[in-house]
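Chain by chain, the residues:
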Amino acid sequence: MARMTMIEAVRSAMDVSMGRDDNVVVFGEDVGYFGGVFRATQGLQAKYGKTRCFDAPINESGILGTAIGMAAYGLKPCVEIQFADYMYPAYDQITQEAARIRYRSNGDFTCPIVVRMPTGGGIFGGQTHSQSPEALFTHVCGLKVIVPSNPYDAKGLLIAAIEDTDPVMFLEPKRLYNGPFDGHHERPVTPWSKHELGEVPEGHYTIPIGKAEVRRAGSAVTVIAYGTMVHVALAAAEETGIDAEVIDLRSLLPLDLDTIVQSVKKTGRCVVVHEATLTSGFGGEIASLVQEHCFYSLEAPIVRVTGWDTPYPHAQEWDYFPGPARVGRALKEVMEG
């Protein structure tokens, strides 16, 4: 198989989908001739033409409104919001229109759109290029929410999202674009070419939306994470020597509750890790579900490791960013509980 970065895997997913279905269109700010700010769409316009991969004005609400109209008439738009932080002007279109068309029309219309957006921190992007807004979407009925952690999953999940008949929010952790970042910013970046999940089939394949993956088997504590935090959790488990089971959610909505419950009932302990702020973060929903379904199996309180309840701080990025040291302390805390 080919070795790909996450950027290349995302591009390959769009390429494969556009080649298989003429109704798939790709557009957004600078995604055409320029190939996107991260080059995720590089070469698609040259291959498929300006009617299938094109630039949009700097107007996120307009991008989503156009995509929704296209979808209602049979096209399958895969649009890019340049950074997840820029999605707020489009939030009304996403939540009031895209998420509700199937329900409002009694199934006469669907909205098969994919909204790609780079998410999370770790690149010194400051408060307007580092946010993790996934919980704003998981609260909305009618949306699906995906956060991949590696190139193999990114391609398979993106193809599945493009083929889905409902709107999918596809959040791409930008700190993982070029390598499996484990939170050790002081070390050289490990490229995906040296990681087994950098092996990506060049053709068509899909990964079911709503199915988590156990990245590390263990019996002492369950660590639930997604995106970049999967690699941080794996590093913390190795560095502490604790026999942790690490679950990569991959899909937040729908959520693979069965895998979570099975793991926590086995280990009796649970740590939840995400980059977003603590208050009203998606980790609160996970903790609540674990409490409801695994109460009699828990041997210690559930612990969350998250970003701070502040705007993302440029000057203190690595204190805010949940690294392996913070996750490691949480693992030790629940083991002592």
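Residues numbered from 1 in each chain as written. Predicted model: local features only at pLDDT ≥ 70, side-chain atom pairs only at ≥ 80, totals over all residues. Heavy atoms only, no water.

### Topic: the UniProt feature "domain: Transketolase-like pyrimidine-binding" (unreviewed entry) in the protein
Quick note on the threshold: UniProt positions are given in the numbering used here, feature names are shortened, and annotations may be inferred rather than shown by experiment. Secondary structure is summarised from DSSP: a helix means a run of H or I of at least four residues, a strand means a run of E of at least two, and numbering begins at the N terminus for each.
The UniProt record annotates "domain: Transketolase-like pyrimidine-binding" (unreviewed entry) at residues 4-179. Within the segment residues 4-179, helix and strand shares are 36% and 16% respectively, and the terminal C-alpha atoms sit 10 Å apart.

### Things to note about the packing of helix 8 (residues 228-240) against helix 12 (residues 324-336)
Condition: For helices, the fitted axis covers only the stretch in contact; all axes are lines through C-alpha atoms, and the angles between them, taken along N-to-C directions, range from 0 to 180 degrees. Note on terminology: angles under 35 degrees are roughly parallel, angles over 145 are roughly antiparallel, angles of 65 to 115 are roughly perpendicular, and the others are oblique. Note on convention: near helix rotated counterclockwise from far helix by under a right angle means a left-handed crossing. Clockwise means right-handed. Any two residues whose heavy atoms approach within 4.5 Å are treated as being in contact. Gly falls in the polar group here, along with every residue not listed as nonpolar (Ala, Val, Leu, Ile, Met, Phe, Trp, Tyr, Cys, Pro) or charged (Asp, Glu, Lys, Arg).
Relative to each other, helix 8 and helix 12 sit at 60°, their axes nearing to 8 Å. As judged from the angle between their axes, helix 8 and helix 12 are oblique. For the pair helix 8 and helix 12, the crossing hand works out as right-handed. Taken together, the residues of helix 12 that come into contact with helix 8 (itself represented by Val232, Ala233, Ala235, Ala236, Ala237, Glu239 and Thr240) are Pro324, Val327, Gly328, Leu331 and Lys332. The residue inventory of the contact of helix 8 with helix 12, partitioned by class, reads eight nonpolar, two polar and two charged.

### Concerning the nonpolar core
What counts, and what does not: The definition of a nonpolar core used throughout is a set of buried Ala, Val, Leu, Ile, Met, Phe, Trp, Tyr and Cys residues joined through side-chain atoms within 4.5 Å. The buried label applies to any residue whose accessible area, calculated with a 1.4 Å probe on protein chains only, is under 20% of its type's maximum; exposed applies above 50%, and partly exposed to all values in between. Where a domain begins and ends is set by an automatic assignment or by a domain database.
Counting 61 residues, the largest nonpolar core has Met14, Val114, Leu158, Val221, Val271, Val273 and Leu331 as the members making the most contacts within it. For this core, the leading source of residues is helix 1 (residues 6-20), giving eight residues. Structurally, this core is a two-domain feature, drawing no fewer than three residues from each of domain 1 (2-200) and domain 2 (213-336). Apart from the residues within four sequence positions on either side, Val221 is in contact with Ile242, Asp243, Ala244, Glu245, Thr267, Arg269, Cys270, Val271, Leu331, Val334 and Met335. Membership of the second largest hydrophobic core comes to 45 residues, among which are Leu64, Ala84, Ile101 and Leu298.

### Observations concerning helix 4 (residues 91-98)
Put simply, the rule reads: The directions considered for the arc run from the helix axis to the C-beta atoms.
Taken together, the buried positions of helix 4 are occupied by Ile94, Thr95 and Ala98. For helix 4, the buried positions fall inside an angular range of 120° around the axis, keeping them on one side.

### A short note on the pattern of salt bridges
Two side chains that carry opposite charge are able to pair once their charged atoms sit near each other. Operational definition: Any carboxyl oxygen of Asp or Glu within 4 Å of a side-chain nitrogen of Lys or Arg constitutes a salt bridge here.
Scanning the model with the defined rule gives 18 salt bridges in all. Its salt-bridge partner being Arg104, residue Glu97 comes within 3.1 Å of it at the nearest N-O pair. Assessed through its relative accessible area of 27%, Glu97 is described here as partly exposed. Owing to a relative accessible area of 59%, Arg104 belongs among the exposed residues under this scheme. The salt bridge partner of Arg215 is Asp248, with a shortest N-O separation of 3.1 Å. Within this pair, whereas Arg215 is found in strand 9 (residues 213-216), its partner Asp248 is found in strand 11 (residues 244-248), the two being separated by 33 residues in sequence.

### Side note on the pairing of strand 4 (residues 76-80)
Spelled out, the test is: Note on pairing: two strands pair once DSSP finds at least 2 bridges between them.
Most of strand 4 is tucked away: four of the five residues are buried. Where strand 2 (residues 24-28) lies against strand 4, five bridges are found, and the strand directions are parallel. Its bridge partner lying in strand 4, Phe27 is registered against Val79. Bridge analysis of strand 4 against strand 5 (residues 114-119) gives three bridges, and the strand direction is parallel. Bridge pairing in strand 5 places Val79 opposite Val115.

### Some remarks on the packing of aromatic side chains
Basically, it comes down to this: Only the six-membered ring of Trp is used, alongside the rings of Phe and Tyr, when aromatic pairs are assigned; centres must lie within 6.5 Å, and planes under 30 degrees apart are stacked while those over 60 apart are edge-to-face, with the rest tilted.
Scanning the entire structure with this criterion turns up 14 aromatic pairs. Where Phe38 meets Phe83, the ring centres are 5.5 Å apart and the plane angle is 65°; that geometry is what we call edge-to-face. You can see Phe38 sitting in the loop between strand 2 and helix 2 (44-48) and its partner Phe83 sitting in the loop between strand 4 and helix 4, a full 45 residues away along the chain. Phe38 sits in the partly exposed class, given a relative accessible area of 22%. The buried category is assigned to Phe83, whose relative accessible area is 9%. Here Phe83 and Tyr86 contribute two aromatic rings whose centre-to-centre distance is 5.5 Å and whose plane-to-plane angle is 65°, an arrangement assigned as edge-to-face.

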